[in-house]
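What follows is the residue order along each chain.
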Amino acid sequence: QVQLVESGGGLVQAGGSLRLSCAASGRTFSNYAMGWFRQAPGQEREIVAAINWNSGNIYYADSVKGRFTISRNNAKNKVTLQMNSLKPEDTAVYYCAADRSMVTVTTTPSHVDYWGKGTLVTVSS
């Protein structure tokens, strides 16, 4: 089992920044690809960014490219999402996810093994 706990959400004005963190515990963190997903009210969950075990393969959704940065620290069992130039349309609950397969994280989130409970990000206009 892998336990994931997100933190760092909150209310920010458009153009501002937030840094989300996901702390992992349980199995060997470095065995897992990690992803950030989000779900806005009335919308489907969508992938935001993903990173493979050694940070050698990073994926961003087109909607966040150039604004968000995903990173991980395997020694600290943590993955972060730095979000800059936030827009009202970034408002959502953000979830951290873990799976042994980067392909699964980026293409088949319904099959991802582990999920956190989410943290709410609200961007005001």
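Placed above this text is the structure.
As the structure is a computational prediction, the values presented were derived from the model and not from experiment.

Asks: Summarise the side chain of S21; cite the residues concerned and give the values.
Replies: Positionally, S21 belongs in strand 3 (residues 18-26). Those residues in contact with S21 that lie beyond four places of it in its chain are V5, E6, S7, W36, K78, V79 and T80.

Asks: Kindly report on the pattern of salt bridges, identifying the contributing residues and their values.
Replies: Applying the stated rule across the entire model yields 4 salt bridges. Of the charged contacts in the structure, one is a salt bridge between E46 and R38, with a shortest N-O distance of 2.6 Å. E46 sits in the partly exposed class, given a relative accessible area of 34%. Overall, R38 belongs to the buried group, its relative accessible area being 6%. Salt-bridge contacts for D62 lead to K65; the nearest nitrogen and oxygen are separated by 3.2 Å. When its relative accessible area of 65% is taken as the criterion, D62 is described as exposed. Within this structure, R38, E46, R67 and D90 form a network of salt bridges that share partners.

Parameters and conventions
Residues numbered from 1 in each chain as written. Predicted model: local features only at pLDDT ≥ 70, side-chain atom pairs only at ≥ 80, totals over all residues. Heavy atoms only, no water. Helix = DSSP H or I, 4+ residues; strand = E, 2+ residues; numbered from the N terminus. Contact = heavy atoms within 4.5 Å. Salt bridge = Lys/Arg side-chain N within 4 Å of Asp/Glu carboxyl O. Buried < 20%, exposed > 50% of the residue type's maximum accessible area, 1.4 Å probe, protein only.

Everything listed is a geometric property; what it means functionally is a separate question.
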